[in-house]
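Here's the letter readout for the chains.
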Amino acid sequence: MTQLLTDEEGSLATGLARMSLLHAVAGKKETPVDLTPAFFDKRGVFVTLTKRGDLRGCIGFPYPYLPLADAIRQAAVAAALEDPRFPQVQVSELSVMELEVTILTVPEPLTCAPEDYPAAVIVGKHGLIIKGMGGGGLLLPQVATEWGWNSTEFLDHTCRKAGLPSGCWRKSSVEVLTFEGQIFHLEKIVQ
């Protein structure tokens, strides 16, 4: 079982993402931060940027390849400068942007039959990864809740995110994985 971060560690996580973002976008100097041992464990993480409630960038690492501190730094910079869906974040936008850091558990494949996937996926708890048919995509746990989707709609939208047709999750050649996320939110990047 993956250890949850404390609220204080969550504040450290959003602060680290904020500092990396300000360094990359505005050239602000990074200052050393005293991190707890949790930040040296390899963890999956996503950093999401929003501007006035609209998505502005979201990049991360679904699997625990990097120590959490490094993963947060890299995901924050990539969300601002490398998300192919959006132009690079500009300094002038920072005063109206918010960020979210989502710390992930290790994704695990669903082991039931595809027809039972909707019952196995818990909206508000699980995030989804769908892989197969030459595509792959991920949606964080909070996405289904934000859009008011049921589990079948969540599965279908994850298929679309993967560039695949809705309902492809029913095929035995498509792998469906679930994970959980601990979400930490920072309302103002620039105070």
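Let me sum up the structure you'll find in this document.

1. Details of the nonpolar core
Within the largest apolar cluster, 30 residues are counted, with the highest numbers of intra-cluster contacts made by Phe-39, Leu-49, Ile-72 and Val-101. For this core, the elements supplying multiple residues, two or more each, are helix H1 (7–26), strand E1 (44–51), helix H2 (68–81), strand E3 (97–104) and strand E7 (175–186). When residues in this core are grouped by element, the largest group, eight residues, is from H2. In contact with Val-101, not counting residues within four places along its chain, are Ala-13, Thr-14, Ala-17, Val-45, Phe-46, Val-47, Ile-72, Gln-182, Ile-183 and Phe-184.

2. Quick notes on the pairing of E1
Counting buried positions along E1 gives seven out of eight residues, so the element sits mostly inside the fold. Taken together, the eight bridges between E1 and E3 define a ladder with antiparallel strand orientation. Bridge pairing in E3 links Phe-46 to Thr-102. Here seven bridges tie E1 to strand E2 (residues 54–61), and the two strands are oriented antiparallel to one another. Paired with Thr-48 across the strands is Cys-58, a residue of E2. Hairpin connection from E1 to E2: two residues lie between these consecutive antiparallel strands, with Arg-52 at a positive phi of about 50 degrees.

What counts and how
Residues numbered from 1 in each chain as written. Predicted model: local features only at pLDDT ≥ 70, side-chain atom pairs only at ≥ 80, totals over all residues. Heavy atoms only, no water. Core = buried A, V, L, I, M, F, W, Y, C linked by side-chain atoms within 4.5 Å. Buried < 20%, exposed > 50% of the residue type's maximum accessible area, 1.4 Å probe, protein only. Helix = DSSP H or I, 4+ residues; strand = E, 2+ residues; numbered from the N terminus. Contact = heavy atoms within 4.5 Å. Pairing = 2+ DSSP bridges.

Nothing here speaks to function; it is all geometry.
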